Amino acid sequence: MKKILFLPLLRMKSGHHQVSDALIDMLHARMGGIICKKVDLISYTNESLEKVVTSGYLSWIRYAPETYNFAYKNFFYDTRTNARLVKWYNLIFLKKMEQLLKQERPDLIVCTHGYPSYLLSQLKKQGKCHVPIINVYTDFFVNSVWGRDGIDFHFLPNQEVKEQLIRKNQVPRHRMIVTGIPVHEEITKTARFKKCNNRPIILIAGGNTGLGGMLTLSHSLKNTEHFDFLVLCGKNQKLYDEILSWNSRHIRPLSYISSRLEMNALYEQVDAIVTKPGGVTISEAIKKRLPIIVHSFLPGQEEINLHYLTKSELVFKFEQNQPFEKQLFCLLKNNQKVNRWNLAVDTYEKGIEIGPDRMVEVITSMIGLQMDSSSVV
């Protein structure tokens, strides 16, 4: 029985976990004889520490976004300053990662967060890790934390990142393949953008925790007349209760949705999505051919994602100081804008080199298994 170890970071349901889960379910749908295990290194080190780190991270981006943005760009994004990473905690987690490998004895490791990848790269350079490693990136860019040396394969979000890793990091082309950000197969593909309903339905998605200026945006919807809104509040009970108290016919709050089938059905109902530029949510919306409107973003990763997405014309960035309903009309009723967006999505999808079947083939070939053709779905 072969074992594949998946390494996101922290326990909160981030894109790192969603991508791990998507790949695990892809593998289980097509292969027998494998064990897939997901481990958060911080919780493995100390469960209380994980709670402190998660709470601190959420508080930091909520209450001091400017300092988080500065720290992210200077310590984790700019490759020239990667050496500034604090050394004492690296030593602690290197020892814990080495302990984890000895305990689990995996045949393959899949990293969906940069920090485990960085630690494993260090262990490989020290000759303390001999397990093949795949990096699976969950944003539309690659920050400087991700390990490069000793990484056996890279699942990349787009062609731009591929060229960057070749040019700046001399990663061999044969060790990389553009997969896009992996999306769970229960989120089914839609071929083309559908015509809007007479009264369009707009999905407002603020992420699992409801961060990102959601309440401010929701207030601006109160006086709209020609659209209906479904507001995904995640686990933000305060936001849910506030919207529910308005008793509005055209604005309905939705609490956290854990079922991907339910989420897929929700995508099928709506005509566009307003969301933050998180890698997984954007990738799901692209797969569903939903026009994507970015109204706000969190500092750090999401801001850098937004730069790529706007440059590639994959999203529409709305201005907060202009009437939201007017901007929606200008977008959804403008065939030229929608057609240009469709062409941008076509271009992005043409850059994706393999789908789920080939992803599974690549993963299983690295542990000496072959996918049974009869199990392809």
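What counts, and at which threshold
- Residues numbered from 1 in each chain as written.
- Predicted model: local features only at pLDDT ≥ 70, side-chain atom pairs only at ≥ 80, totals over all residues.
- Heavy atoms only, no water.
- Helix = DSSP H or I, 4+ residues; strand = E, 2+ residues; numbered from the N terminus.
- Buried < 20%, exposed > 50% of the residue type's maximum accessible area, 1.4 Å probe, protein only.
- Contact = heavy atoms within 4.5 Å.
- Areas by Shrake-Rupley, 256 points an atom, 1.4 Å probe, with all protein chains shown as cover.
- Salt bridge = Lys/Arg side-chain N within 4 Å of Asp/Glu carboxyl O.
- Core = buried A, V, L, I, M, F, W, Y, C linked by side-chain atoms within 4.5 Å.
- Pairing = 2+ DSSP bridges.
- Axes fitted to C-alpha atoms, helices over the stretch in contact; angles between N-to-C directions.
- Parallel < 35°, antiparallel > 145°, perpendicular 65-115°, else oblique.
- Nonpolar A, V, L, I, M, F, W, Y, C, P; charged D, E, K, R; others polar.

1. Quick word on the overall build of the protein chain
Consideration 1: Each helix and strand in the protein chain was counted, giving 15 helices and twelve strands.
Consideration 2: Burial statistics for the protein chain: of 377 residues in total, 54% are counted as buried.
Consideration 3: Across the protein chain, the fraction of contacts at a sequence separation of at least 24, relative to all contacts at a separation of at least 6, is 66%.
Consideration 4: Approximately 17600 Å² of the protein chain is accessible, and the part contributed by carbon and sulfur atoms is 51%.

2. So, the pattern of salt bridges
Consideration 1: Overall, the coordinates contain 20 salt bridges when judged by the stated rule.
Consideration 2: Between Arg260 and Asp21 there is a salt bridge; the shortest N-O distance is 3.8 Å. Taken together, the residues Arg260 in helix H10 (residues 260-269) and Asp21 in helix H1 (residues 15-30) connect sequence positions 239 residues apart.
Consideration 3: The partner of Glu361 in a salt bridge is Arg358, with the nearest N and O atoms 3.2 Å apart. On the criterion of helical spacing, the pair formed by Glu361 and Arg358 is a turn pair, its members being three residues apart in helix H15 (residues 356-365).
Consideration 4: Residue class for Glu361 comes out partly exposed when judged on its relative accessible area of 33%.
Consideration 5: In this structure Arg358 comes out as partly exposed when scored by relative accessible area, which is 39%.

3. What to know about the nonpolar core
Nonpolar side chains in soluble globular proteins tend to end up buried together.
Consideration 1: Core analysis: the biggest nonpolar cluster contains 74 residues, and Leu23, Phe155, Ile202, Leu203 and Phe229 have the highest contact counts within it.
Consideration 2: The element that contributes the greatest number of residues to this core is H1, accounting for five residues.
Consideration 3: Here Phe229 is in contact with Ile202, Ile204, Leu221, Thr224, His250, Ile251, Arg252, Phe324 and Leu328, once residues within four sequence places are set aside.
Consideration 4: By size, the runner-up hydrophobic cluster in this structure holds 33 residues, among which are Leu94, Ile109, Val142 and Leu156.

4. With respect to the sheet that holds strand E5 (residues 153-156)
Consideration 1: Taken in spatial order, the six strands line up as E2-E1-E3-E4-E5-E6 in an open sheet, and their pairing is parallel. Two strands close off the open sheet at either side, each with one partner strand: strand E2 (34-38) and strand E6 (176-178). Neighbour-to-neighbour, the strand axes of this sheet turn through a mean angle of 20 degrees, independent of strand direction.
Consideration 2: Judged from the three bridges that link them, strand E4 (residues 133-136) and E5 form a sheet pairing that is parallel. Paired with Val136 across the strands is Phe155, a residue of E5.
Consideration 3: Of the strands in this sheet, strand E1 (2-7), strand E3 (108-111), E4 and E5 touch H15, which is tilted by about 165 degrees from E5.

5. Considering the packing of H1 against H15
Consideration 1: Contact geometry of H1 with H15 gives a least axis separation of 10 Å together with a crossing angle of 85 degrees. In terms of orientation, H1 lies roughly perpendicular with respect to H15. Residues Leu23, Met26, Leu27 and Arg30 of H1 lie in contact with H15, whose contacting residues are Pro356, Asp357, Met359, Val360, Ile363 and Thr364.
Consideration 2: Classifying every residue of the contact of H1 with H15 by side-chain character gives seven nonpolar, one polar and two charged.

6. Observations regarding unusual backbone geometry
Both trends apply: most residues other than glycine have a negative phi, and most peptide bonds are in trans.
Consideration 1: In this model, Asn247 sits at a positive phi of 55 degrees, which is unusual for a non-glycine residue.
Consideration 2: Topologically, Asn247 is positioned in the loop between helix H9 (237-244) and strand E9 (251-254).
Consideration 3: By relative accessible area, which is 67% here, Asn247 ends up exposed.

7. A short note on the sheet that holds strand E8 (residues 228-232)
Consideration 1: If you walk across this open sheet you meet the six strands as E9-E8-E7-E10-E11-E12, and the pairing is parallel. Unpaired on one side and paired on the other, E9 and strand E12 (316-317) mark the two borders of the sheet.
Consideration 2: Across five bridges, the pairing between strand E7 (residues 201-205) and E8 is parallel. What sits directly across from Ile202, in E8, is Phe229.
Consideration 3: Here H9 sits on the sheet in contact with E8 and E9, set at roughly 155 degrees to E9.
Consideration 4: This element, helix H11 (residues 279-287), spans strand E10 (272-275) and strand E11 (292-294) of the sheet and lies at about 170 degrees to E10.

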